[in-house]
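# Per-entry structural report
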Amino acid sequence: MKFKPRHIKLKNNKTVEIREAVIDDAQGLIDAAKKYLRDSDYLLSYEEEFTNSLEEEVSWIGSMANDNSLLLVAVYEGEILSTFSLHSRQLKKIKHTAEIAIAILKEWQGLGLGFALFNSAITWCKENTSLEILYLDVFAENTNAYHLYKKIGFTEDGRRKNYYKTKSDKYIDNIMMSLNINQINIK
Ligand SMILES: CC(C)(COP(=O)(O)OP(=O)(O)OC[C@H]1O[C@@H](n2cnc3c(N)ncnc32)[C@H](O)[C@@H]1OP(=O)(O)O)[C@@H](O)C(=O)NCCC(=O)NCCS
C-alpha cells in the first residue's frame, strides 16, 4: 500500500475514510462513476458513454500501480462516495507531472471532501514521489470546482475556447490549471 488511510470528519459530522482503491473496489467504482456522470454536466463523458466492464475497471485500477500515480476513494459505510485519480505517465520528460481527476457523489459535495482529497494527495506527493507539477482541466462554468482548485493554489495556464460541446450544441470553454507542489504549503 502506497497511501496510509485517513479518517476525515466532514461538515455533516460524518467521518469518512480516504484510502487507496484496491481491485475489489472495481464494481463500487463503476457504480459510483455512473452516478457522478448522471448527476454532473461537468465531467467529460455522458453516462451512456461510460461502458467499462469489470475487467476494464480492474485494468484501470492496475494502471495506477506505478510510483507516481495514486487512485483514492472516500468511503462511508462501505459505499464509495468519491474517486480521485492522480495519473502520471512514465516518459522521462513528463514524469514529474501528473493529471488529476475528481468526482464526488452529489449528496456528499460541499462538505469539505474535495479539499480533504486534494490535501491528502498533495501531502502524499510531497512525501513519497518525485512529482512537481499537478494539472487538470475544468469546464469554465464549473464554479464549485474552479473555486476549490484556486483555494488549493492551482493557477490558470490558459483557456481553450469552445473546447466542450454539449448534446444541445452549447459550447463551453476549457480552463487548464496547474500547481507546482514545491511552491505551496498545505496542512
Ligand atoms: C467539484 C468538486 C470536486 C468539489 O468538491 P467538494 O467536496 O464539493 O468541495 P469542498 O466542499 O471541499 O469545497 C472546497 C472549496 O471549494 C469551493 N466550493 C465548493 N463548493 C462550492 C460552492 N457550492 N460554491 C462556491 N464554492 C464552492 C469553496 O472554495 C470551498 O471552500 P470553503 O469550504 O472554504 O468555502 C465536487 O463538487 C464534485 O465532484 N462535483 C461534480 C464533479 C466535478 O465537477 N468534478 C470536477 C471536474 S473538473
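The structure reproduced in this document is the subject of the present report. (Residues numbered from 1 in each chain as written. Predicted model: local features only at pLDDT ≥ 70, side-chain atom pairs only at ≥ 80, totals over all residues.)

## Here's the deal with the overall build of the protein chain
Check the secondary structure of the protein chain and you find four helices and eight strands. Computed over its C-alpha atoms, the radius of gyration of the protein chain comes to 16 Å, within 12% of the 16 Å expected for a compact globule of 187 residues. With respect to the principal axes defined by its C-alpha atoms, the protein chain has extents near 45 × 35 × 35 Å. Pairs at least 24 residues apart make up 60% of the contacts formed inside the protein chain by residues separated by at least 6 positions. (Helix = DSSP H or I, 4+ residues; strand = E, 2+ residues; numbered from the N terminus. Rg over C-alpha atoms; globule rule 2.2 N^0.38 Å. Contact = placed C-beta atoms within 7 Å.)

## Topic: the packing of helix 1 (residues 26-39) against helix 2 (residues 54-62)
The geometry of helix 1 relative to helix 2 is characterised by a closest axis approach of 9 Å and an angle of 100° between their N-to-C directions. Here helix 1 lies roughly perpendicular to helix 2, going by the angle between them. Across from Ala26, Gln27, Leu29 and Ile30 in helix 1, the residues of helix 2 making contact are Leu54, Glu57, Val58 and Ile61. Taken together, the residues that form the contact of helix 1 with helix 2 break down as six nonpolar, one polar and one charged. (Axes fitted to C-alpha atoms, helices over the stretch in contact; angles between N-to-C directions. Parallel < 35°, antiparallel > 145°, perpendicular 65-115°, else oblique. Nonpolar A, V, L, I, M, F, W, Y, C, P; charged D, E, K, R; others polar.)

## A few points about the site of the ligand
The full set close to the ligand counts 21 residues, and Ile104, Gln109, Gly114, Phe115 and Leu148 are the nearest of them. At the level of elements, strand 5 (97-104), helix 3 (113-128) and helix 4 (143-152) are the ones that each hand at least two residues to the shell around the ligand. Per-element accounting of the shell around the ligand gives the leading share, five residues, to helix 4. (Near = placed C-beta within 6 Å.)

## Things to note about the nonpolar core
Ranked by size, the top nonpolar core spans 38 residues in total, and within it Leu72, Ala74, Leu113, Leu117 and Ala121 carry the most contacts. When residues of this core are assigned to their parent elements, the largest contribution, seven residues, is made by helix 3. (Core = buried A, V, L, I, M, F, W, Y, C linked by C-beta atoms within 7 Å. Buried ≥ 20, exposed ≤ 12 C-beta atoms within 10 Å, placed from the backbone.)

## Brief notes about helix 1
Its 14 residues give helix 1 an end-to-end C-alpha distance of 20 Å, which sits within 8% of 20 Å, the value for a rise of 1.5 Å per residue. What helix 1 keeps buried is the set Ala26, Leu29, Ala32 and Tyr36. The arc enclosing the buried residues of helix 1, seen along the axis, measures out at 120°, which places them on a common side. The exposed residues of helix 1 that point more than 90 degrees off its buried face are Gln27 and Asp31. On the buried face of helix 1, the contacting elements are helix 2, strand 4 (79-87) and strand 5. (Expected span 1.5 Å × (residues − 1). Arc of directions from axis to C-beta.)

## Description of the environment of Gln27
Within the secondary structure, Gln27 sits in helix 1. With 27 residues separating them along the chain, Gln27 and Leu54 place their C-alpha atoms 6.4 Å apart.

## Observations concerning the sheet that holds strand 7 (residues 155-165)
If you trace the eight strands from one edge of the open sheet to the other, you get 1-2-3-4-5-6-8-7, paired in mixed fashion. One side of each edge strand has no neighbouring strand; the edge strands of this open sheet are strand 1 (6-9) and strand 7. Pairs of neighbouring strands in the sheet enclose a mean axial angle of 25°, with direction left out of account. Relative to strand 3 (residues 70-76), strand 2 (residues 15-20) is paired through four bridges, and the arrangement is antiparallel. Across the sheet, Glu20 pairs through a bridge with Leu72, a residue of strand 3. Each of strand 4 and strand 5 is contacted by helix 1, which is oriented at about 90° to strand 4, the strand it contacts most. Set on the sheet, helix 4 makes contact with strand 6 (133-139) and strand 8 (171-180); between it and strand 6 the angle comes to about 160°. (Pairing = 2+ DSSP bridges.)

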